[in-house]
Amino acid sequence: MITFKTSKELNAATGKIMLDVDLEIKKGEFIALYGPSGSGKTTLLRILSGLDKPDLGYIKTDNHVWLDIENKINVIPQKRNIGFVFQHYALFPNMTVRENLLYALPQKHNEKIIEELLELMELSQLQHQDINILSGGQKQRVALARSLVQQAEILLLDEPFAALDNARRSKIQDYILKIHQQLNLTTILVSHDISEIYKMADTVLVIENGKIIKEGSPQEVFTNKKTSENIEVIAEILEIKKMGSNCIISILIGKTITEISKSENEVKELRLGDKISISLQSYQATINKL
Amino acid sequence: MIDLDPLFLTFKLALLTTIILLLISIPFAYWLAYTQFKFKAVIETIVSLPLVLPPSVLGFYLLLAFSPENAFGKFCKHYFNTQFVFTFQGLLISSVLYSLPFMVHPLQTGFKSINKSLIEASYILGKSKITTLLKILLPNMRASLFTGIVLTFAHTIGEFGVVLMVGGNIPNKTRVVSIAIYDEVQSMNYHNANIYSIILLTFSFLILLSVYIFNHRSNNENLLQ
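Small disclaimer: the values here were computed from a predicted structure and weren't measured.

## Some points on the side chain of A:Asn100
All names here are of chain A. With respect to the element layout, Asn100 can be found in helix H2 (residues 97-104). At 2.9 Å, the side chain of Asn100 forms a polar contact with the backbone nitrogen of Phe92. Apart from the residues within four sequence positions on either side, Asn100 is in contact with Leu91, Phe92, Met95, Ile131, Val142 and Arg146.

## A word on the interface of chain B and chain A
Size of an interface, as often reported, equals the accessible area lost when the parts are brought together. Taken together, the 19 residues of chain B in the interface contact 19 residues of chain A. Carbon and sulfur atoms supply 63% of the area buried between chain B and chain A, which totals about 1600 Å² over both sides. In terms of surface lost to chain A, no three residues of chain B exceed B:Glu120, B:Ile124 and B:Leu125, which account for 40% of the buried area on that side. Counting across the chain B and chain A interface gives 1 salt bridge. In this structure, the connection of chain B to chain A is made through 7 residue pairs in polar contact (both at pLDDT 80 or more). Looking at the side of chain B that touches chain A, the elements that each hand over two or more residues are helix H6 (116-124) and helix H7 (129-137) of chain B. With 8 residues, the single largest contributor to the side of chain B that touches chain A is H6(B). Of the residues in the side of chain B that touches chain A, the class split is 7 nonpolar, 7 polar and 5 charged.

## Some words on the domain arrangement of chain A
Split by domain assignment, chain A resolves into domain 1 (2-221) and domain 2 (223-289). Of note, the centres of domain 1 of chain A and domain 2 of chain A, computed from C-alpha atoms alone, are 38 Å apart.

## Quick notes on a nonpolar patch on the surface
All names here are of chain B. A grouping of Trp31, Phe37, Phe39, Val42, Ile46, Leu49, Leu51 and Val52 is seen on the molecular surface, where their side chains present a nonpolar patch of about 760 Å² in accessible area. At 5 residues, the largest contribution of residues to the nonpolar patch is made by helix H2 (residues 40-52). Along the chain, Ile46 falls in helix H2. On the basis of relative accessible area, Ile46 is assigned to the exposed category, the value being 55%.

## Topic: unusual backbone geometry
Phi is positive for A:Glu122, close to 55 degrees, though the residue is something other than glycine. Position of A:Glu122 among the secondary structure elements: in the loop between helix H3 (112-120) and helix H4 (136-149). Taking the relative accessible area as the measure of exposure, A:Glu122 reaches 37% and is therefore partly exposed. Even without glycine at this site, B:Asn172 takes up a positive phi of about 70 degrees. On the secondary structure map, B:Asn172 appears in the loop between helix H9 (161-167) and helix H10 (177-186). Judged by relative accessible area, B:Asn172 falls into the exposed class, the value being 55%.

## Examining the nonpolar core
Most often, soluble globular proteins keep nonpolar side chains buried together rather than apart. In this structure, A:Leu33 and B:Phe111 are the most contacted members of the largest nonpolar core, which totals 99 residues. Not counting residues up to four positions away in its chain, the partners in contact with A:Leu33 are A:Lys41, A:Leu44, A:Leu45, A:Ile188, A:Leu189, A:Val190, A:Ser191, A:Leu205 and A:Ile207. In terms of nonpolar packing, the next biggest core, distinct from the first, is built from 15 residues, B:Ala154, B:Val177, B:Ile181 and B:Leu200 among them.

## Details of the packing of helix H1 (residues 5-34) of chain B against helix H5 (residues 88-113) of chain B
Residue and element names in this part refer to chain B. Close contact between H1 and H5 brings their axes to 6 Å; oriented N to C, the two are set at 45 degrees. One element, H1, and the other, H5, form an angle in the oblique class. Pair H1 / H5 crosses with right-handed handedness. The residue inventory of the contact of H1 with H5, partitioned by class, reads 23 nonpolar, 6 polar and 2 charged.

## Concerning the packing of aromatic side chains
The geometry of an aromatic ring pair is captured by the separation of the ring centres together with the interplanar angle, meaning the angle of the planes. Counting across every chain of the model gives 19 aromatic pairs over all chains. Taken together, a centroid distance of 5.1 Å and an interplanar angle of 75 degrees make the contact between B:Tyr30 and B:Tyr34 edge-to-face. Of this pair, B:Tyr30 and B:Tyr34 both sit in helix H1, 4 residues apart, which is roughly one turn of the helix. You can call B:Tyr34 partly exposed: its relative accessible area is 31%. Taken together, a centroid distance of 6.1 Å and an interplanar angle of 65 degrees make the contact between B:Tyr34 and B:Phe111 edge-to-face. Pair noted here: B:Tyr34 is in helix H1 and B:Phe111 is in helix H5, with a separation of 77 residues, a long-range link. Pairwise contacts between aromatic rings join B:Phe28, B:Trp31, B:Phe37 and B:Phe39 into one cluster. We note B:Lys127 situated over the ring of A:Tyr103; from NZ or CZ to the ring centre the distance is 5.4 Å.

What counts and how
Residues numbered from 1 in each chain as written. Chains lettered and ligands numbered in written order. Predicted model: local features only at pLDDT ≥ 70, side-chain atom pairs only at ≥ 80, totals over all residues. Heavy atoms only, no water. Helix = DSSP H or I, 4+ residues; strand = E, 2+ residues; numbered from the N terminus. Polar contact = N/O pair within 3.5 Å; in protein donor to acceptor, adjacent residues only side chain to side chain. Contact = heavy atoms within 4.5 Å. Buried area = accessible area lost by both parts, 1.4 Å probe. Salt bridge = Lys/Arg side-chain N within 4 Å of Asp/Glu carboxyl O. Nonpolar A, V, L, I, M, F, W, Y, C, P; charged D, E, K, R; others polar. Domains from an automatic or database assignment. Patch = residues over 30% accessible without salt bridge, like charges linked within 9 Å, V, L, I, M, F, W, Y side chains within 5 Å. Areas by Shrake-Rupley, 256 points an atom, 1.4 Å probe, with all protein chains shown as cover. Buried < 20%, exposed > 50% of the residue type's maximum accessible area, 1.4 Å probe, protein only. Core = buried A, V, L, I, M, F, W, Y, C linked by side-chain atoms within 4.5 Å. Axes fitted to C-alpha atoms, helices over the stretch in contact; angles between N-to-C directions. Parallel < 35°, antiparallel > 145°, perpendicular 65-115°, else oblique. Left-handed = near helix turned anticlockwise from the far one by under 90°. Phe/Tyr/Trp six-rings, centres within 6.5 Å; stacked < 30°, edge-to-face > 60°. Lys NZ or Arg CZ within 6 Å of the ring centre and 35° of its normal.

Printed below as a string of structure tokens:
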């Protein structure tokens, strides 16, 4: 169990915001942090790992006090034994893939784990390569592997899957989940991907402007009960063309552009760039596997 | 035939100065690069002073400080039985002070050029500050280290004013090449002065050329870019 209560003033794009978080993390829990950029998600991970110091608050684990501002306790990151995958990988450019993992290996630990991780992340072929020539996805796999070498009890993942293609992403997600369960890790994942959160997390914390505004299982947080019979999709208006008495609206849904036809009256209030929601009855929706 | 002793003495002085400065400047530049110390600007100014001061000013004050008539000189004479005026040790201390910015500046720039997240990643992996310095920071700022070492060495070889003030012109003890050249010119031995000068000119050209070639191959920020 980690008890965590901190506040810290942050400089966000929108001005100064207060990060105010009070939470309890159970051992073995998989938590996802979800919310817009600049809302304090990464800072939360940095405070937990000891890289940032909050203005106020404490962090307590079962046996240790990591931080207590009032009593001037602040345990250095080296002693917290936390695995951390940084958003921009932070791989050591003076070392090869294998050397990066070896550096992470605590003294007197068996090197077997390194072979296992290299194999699992499909890095065996690349193990003697210079870090600088790897692609983004390859770097991300090295960063993930490196964070698992030290076999910490707490794993912090700051958007670790963003640069991976779908097949690899799914495979590595499965592996992280497996390790999380096998080693009874406590894992905190920052993610913008709802499907990823659905797949992996037990609990989602939605953070906005430094505050937790929603907390619960992914299902509770992301499912809008009021429209459960309807499917609601958010779209952006790209173009409105007049065709006789009707109007054709080009809309962008995700990465797909679609056209729908509506009467002039219905589009009267709409402007280019407006966000609209489109609902359709779920029992009428046709689905196809891609 | 010219006397080779001033050449040996000069290289000995440059080598020792470079080694001492490297050992002092790594921790010092590390501190300067990361500290939030209130009076950091004052310290940086003092380090940079030898860049702008006439060497004779520094030499003058060192001469006063080393003099057995004054406190520091008296202290050294009394407790360590050492005298710094007109000795090689005195020359070495003066060189270290005079070349300090040539080592500290490139190293400080090198430390600052390293992405903070590399240091943080190393701490997260449980590595101490010393391990991080030796295994992560220094290997990733090789160009800065190279620049610092080469510039310090070259700059020490080019010293004249400080050396003259503190060391004088004692053969085999304090008579370095730059002094020897001056001396030869004074005695109208232009031939010898020319040989010493050509050696220094060629050496300085090659050493600076190596710095530029090395730095063009690496992207690190440094003093010469």
